[in-house]
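Each chain, letter by letter, is given below.
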Amino acid sequence: HPEARTLTYMDHLLGESVAAAPVYLATGSIAAGYNFLIVVACASSAWAMYRLVRLFGVPRSGAFLCGFLFAFSPYRLANLELLNQLQMQWLPLGLFFAFRFLDRRRVRDAVGVAAAVVIQVYFGWYYAFYLALALGLLFVYAITIGKMNATRLDTRRLGFVAAIAVLAVIPVTLPYFLQHIEMPEFKRTLGEAALYSADVLDYFRWHPSAEMTGLLHVPSGSQSYWPGLVTVILGSIGAAELIGRLR
């Protein structure tokens with residue numbers, strides 16, 4: 001104060017604030033609201049990944065395991081202090097509706113995709129970009145293999161859904177645009193972008209608080225993107241099984 005649009009200096013956390021508001025109003029405790037958001041993020045992320053994996057015919061037990069590993073991955077546990085990086089449930093949910101749309105061409109699945117993107121924008125910009133990139137790659141792939149046929153799409157209704165989604169994100173997008181015009185110098189330098197970007201070693205780096213870090217003497221650090229030993233082992237077994245079937 002009195003500066004305007006200060007929420008644009010980082011992720012705005014508007015979605016998190018609305019979600020935690022009932023708990024905060026009931027208890028008067030910021031800690032309770034924060035813990036509520038962590039629990040909801042973990043539970044909803046596990047459920048969303050479970051639904052996505054089930055879409056491909058994976059048994060319930062396997063889908064449950066996928067949801068569990070996604071919800072309680074080392075990456076999430078290493079970022080408990082960053083609420084915007086915990087809200088990962090909209091990524092698998094957006095992909096769930098996208099895959100169903102490509103398979104069934106139903107407008108309601110397109111509504112699901114648009115809703116996931118819009119809600120993600122209100123919960124955090126980082127994952128909104130990731131979700132948009134994933135959806136873009138998926139639809140480019142679908143076009144490449146001939147699965148996206150414009151003649152089979154209800155373009156009028158899809159256009160209406162897209163227009164509503166654009167209007168829905170304007171309130172949270174316009175302040176960033178205006179702030180950029182007012183403060184063009186307020187941006188990360190190339191050096192800062194490099195500092196906060198991941199390098200190859202970060203994907204093998206374990207979090208210092210992990211019990212196995214001290215036992216195995218593996219690379220560690222605060223910027224740790226190691227998916228977890230169990231995930232790597234099970235993923236390798238699954239990849240080997242898939243390659244065997246393709247042969």
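Keep in mind the model is a prediction, meaning the values are calculated, not measured.

Further remarks concern the nonpolar core. Residues Phe101 and Leu135 are the most contacted members of the largest nonpolar core, which totals 29 residues. Those elements giving two or more residues to this core turn out to be α2 (30–54), α3 (60–71), α5 (90–104), α6 (107–123) and α7 (125–144). The greatest single-element share of this core, amounting to 9 residues, is contributed by α5. Apart from the residues lying within four places of it in its own chain, the contact partners of phenylalanine 101 are Arg106, Asp109, Ala110, Phe139, Met148, Leu153 and Leu158. Ala128, Ala165, Val169 and Val172 belong to the second largest nonpolar core, which has 9 residues in total.

Moving on: unusual backbone geometry. In most cases, non-glycine residues show a negative phi, while peptide bonds are predominantly trans. Although it is not a glycine, arginine 5 sits at a positive phi angle of roughly 55 degrees. Within the secondary structure layout, arginine 5 lies in the segment before α1 (14–27). By relative accessible area, arginine 5 is classed as partly exposed at 28%.

Under the definition given, this model contains 11 aromatic pairs. Between the aromatic rings of tyrosine 75 and tyrosine 225, the centroid separation amounts to 5.8 Å while the plane-to-plane angle is 45 degrees, which identifies the pairing as tilted. Taken together, the residues tyrosine 75 in helix α4 (residues 74–77) and tyrosine 225 in the loop between α10 (211–216) and α11 (229–246) connect sequence positions 150 residues apart. On the basis of relative accessible area, tyrosine 225 is assigned to the partly exposed category, the value being 24%.

What counts and what doesn't
Residues numbered from 1 in each chain as written. Predicted model: local features only at pLDDT ≥ 70, side-chain atom pairs only at ≥ 80, totals over all residues. Heavy atoms only, no water. Core = buried A, V, L, I, M, F, W, Y, C linked by side-chain atoms within 4.5 Å. Buried < 20%, exposed > 50% of the residue type's maximum accessible area, 1.4 Å probe, protein only. Helix = DSSP H or I, 4+ residues; strand = E, 2+ residues; numbered from the N terminus. Contact = heavy atoms within 4.5 Å. Phe/Tyr/Trp six-rings, centres within 6.5 Å; stacked < 30°, edge-to-face > 60°.

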